[in-house]
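Chain by chain, the residues run as shown.
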Amino acid sequence: MRFWKSFIATAAVALLPWAAGAQTVKIGIINTYSGPNATLGEQIDNAIKLHLKEYEKNLPPGVKIELIRRDDTGPNPEVAKRLAQELITRDKVNMLAGVVWTPNAFAIAPLATEAKVPFMIMNAGTSAITTTSPYIARVSFTLWQSSYPMGQWAAKNNIKRAYVAVSDFGPGHDAEAAFIKGFSDGGGQIVGQVRMPLANPDFVPFMQRVKDAKPEALFVFIPAGRQATAIMKAFGDLGLGQAGIKLIGPGDITTDEELPNMGDVALGVITVHHYTSAATRPANQAFVQAWKREYGQNSIPAFMAVGGWDGMAAILHAVREQKGRIDPDRTMALWKGWKNDQSPRGPIMIDPETRDIVQNEYVRRVERVGGALANVEFETIPAVKDPWKIINDKK
Ligand code: PHB
């Protein structure tokens, strides 16, 4: 009798999670955890972990999230493709997420389509990425969203002659085209253009060329992280600022977490971007506070962290709505039109037609705030859709 009682009790406990609809949702995270760009992967990863820690409690009973992390080591499309393949076929993930780099996102896209695995992009910013698979949605940004209004703003604000220098890969090409269109349509003149290597660039010779061309402004795109500080230093060391050249660009060039490494040369740099950790919106202040509590007072969440944070919000939304039983097409339907007015960056939406993010862009200036450098917003361009898709009528 005793035996049967305890047997039944044990069996009931074992069956309980099943009866309550126990589900583990597997998310394959492809991100850069090593190499010279590991600080970028760390931003995204810390945001994913923090979001999950704060909001896991809102999942339906019995539903769990399992994160399976894989290191693409940097902009390496072959590695990214192999990792996605393994995550899909061996680990049987329900969704893919992450991806700092455009070439990696392009490499994963056909696999997401073939296997019908929803793929939430948390960084990679080349406009065309979302057009390469119906299973991709993006919660980060496009370079067109920042660099096109940057060009318009420069033309409107009395800059007549600009030089354009970008990293020679997808987002650089987009930033270049977007800035040139915005600036030239507004009457500005491009006096020089250069594409710089993505791997191990020495920026000094490029900055010398720019100085010799004597533009009023230099528009730059390089990937955020260490390269942002390196080009800022080259700009300073060669005296471009003293020569009267204004540095402008998308927010990647003054990424918040690198500002403490840049020094005063960054003061006055004007950028357009969707996020600064210095923003005073209550949702942002709460986010920055939670981040510092978790990762230390000196740790600064930058735009890549916000991509990870909001990406997890969209993922948890889809998991909650399906009570952990993930259907790929239903997931995509739930992401299309998903809105969040509590993002640290301001209100956001995933455009139901393009599956790309719609968000405010802010014009910002690097200033000293309470002894530290900060990107201070002074103008808002509300609800910006990817201009590349509008201009080229792309879905
Ligand atoms: C990208 O590969 O799309 C990318 C990488 C770094 C950035 C922005 C975009 O800062």
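1. A word on the domain arrangement of the protein
So, step 1. For the protein, the assigned domains read domain 1 (2–141 + 282–292 + 300–355) and domain 2 (144–273 + 360–394).
So, step 2. The C-alpha-based centres of domain 1 and domain 2 are spaced at 30 Å.
So, step 3. Opposite the 26 residues of domain 1 that make contact, domain 2 presents 24 residues.
So, step 4. Buried area between domain 1 and domain 2, both sides added, is near 1800 Å², and the carbon and sulfur share of it is 61%.
So, step 5. Among the residues of domain 1 in contact with domain 2, Ser127, Ile300 and Phe303 are the three that bury the most area, contributing 26% of the side total.
So, step 6. Inspection of the domain 1/domain 2 interface yields one salt bridge.
So, step 7. A salt bridge links Lys385 to Asp351, with the shortest nitrogen-to-oxygen separation between them at 3.8 Å.
So, step 8. Inspection of the domain 1/domain 2 interface yields five residue pairs in polar contact (both at pLDDT 80 or more).
So, step 9. Looking at the side of domain 1 that touches domain 2, the elements that each hand over two or more residues are helix H2 (38–55), helix H4 (102–115) and helix H11 (303–321).
So, step 10. Ranked by the residues each element gives to the side of domain 1 that touches domain 2, the list is headed by H2, at three residues.
So, step 11. Tallied by class, the residues present in the side of domain 1 that touches domain 2 amount to 13 nonpolar, 10 polar and three charged.

2. Structural notes on the site of the ligand
So, step 1. What surrounds the ligand is a group of 15 residues, the closest being Trp101, Thr102, Gly125, Ala224 and Asp252.
So, step 2. Contact distances for the ligand include 2.6 Å between an oxygen atom and a side-chain N or O atom of Thr102.
So, step 3. For the ligand, an oxygen atom lies 2.6 Å from a polar atom in the side chain of Asp252.
So, step 4. Taken by itself the ligand offers 280 Å² of open surface, and the protein chains cover 100% of this.
So, step 5. Among the residues forming the shell around the ligand, the class breakdown is 11 nonpolar, three polar and one charged.
So, step 6. Each of domain 1 (2–141 + 282–292 + 300–355) and domain 2 (144–273 + 360–394) gives at least three residues to the shell around the ligand.

3. Section: the pattern of salt bridges
So, step 1. Applying the stated criterion across every chain, the model contains 18 salt bridges.
So, step 2. The closest approach of N and O atoms between Lys49 and Asp45, which form a salt bridge, is 3.8 Å. In this pair, Lys49 and Asp45 both sit in helix H2, four residues apart, roughly one turn of the helix.
So, step 3. Judged by relative accessible area, Lys49 falls into the partly exposed class, the value being 37%.
So, step 4. Asp45 sits in the buried class, given a relative accessible area of 8%.

4. Here's the deal with the side chain of Ser299
So, step 1. Tracing the backbone shows Ser299 in the loop between helix H10 (282–295) and H11.
So, step 2. Here Trp291 takes part through its side chain, which lies 2.9 Å from a polar atom of the side chain of Ser299.

What counts, and at which threshold
- Every residue gets a number counted from 1 within its own chain, in the order that chain's sequence is written.
- Side-chain atom pairs in this predicted model are given and counted only at pLDDT of 80 or more, local residue features only at pLDDT of at least 70, and totals for whole chains, interfaces and linings cover all residues.
- The side-chain numbers reported here are obtained from all heavy atoms of the structure, hydrogens and water having been left aside.
- A domain assignment, automatic or from a database, supplies the domain bounds used here.
- What makes two residues a contact is simply this: any of their non-hydrogen atoms within 4.5 Å.
- Joining two parts hides part of their accessible area as seen by a 1.4 Å probe, and the buried area is that hidden amount summed over both.
- Any Lys or Arg side-chain nitrogen located within 4 Å of an Asp or Glu carboxyl oxygen qualifies as a salt bridge.
- Pairing of N or O atoms within 3.5 Å defines a polar contact, subject to two protein rules: one partner must be a possible hydrogen donor and the other a possible acceptor, and residues neighboring in sequence count only if both atoms are side-chain atoms.
- Under the DSSP-based scheme used, a helix requires at least four consecutive residues in state H or I and a strand at least two consecutive residues in state E, with every element numbered from the N terminus.
- Here the nonpolar group is Ala, Val, Leu, Ile, Met, Phe, Trp, Tyr, Cys and Pro; Asp, Glu, Lys and Arg are the charged ones; every other residue, Gly included, is treated as polar.
- Each residue is tested against the molecule or strand, and it is near if at least one of its non-hydrogen atoms lies within 4 Å.
- For accessible areas, the Shrake-Rupley method is used with a probe of radius 1.4 Å. Any residue's cover is judged against the shown protein chains and nothing else.
- Exposure is judged per residue with a 1.4 Å probe applied to protein chains only, and the accessible area is read against the type maximum: over 50% gives exposed, under 20% gives buried, and values in between give partly exposed.

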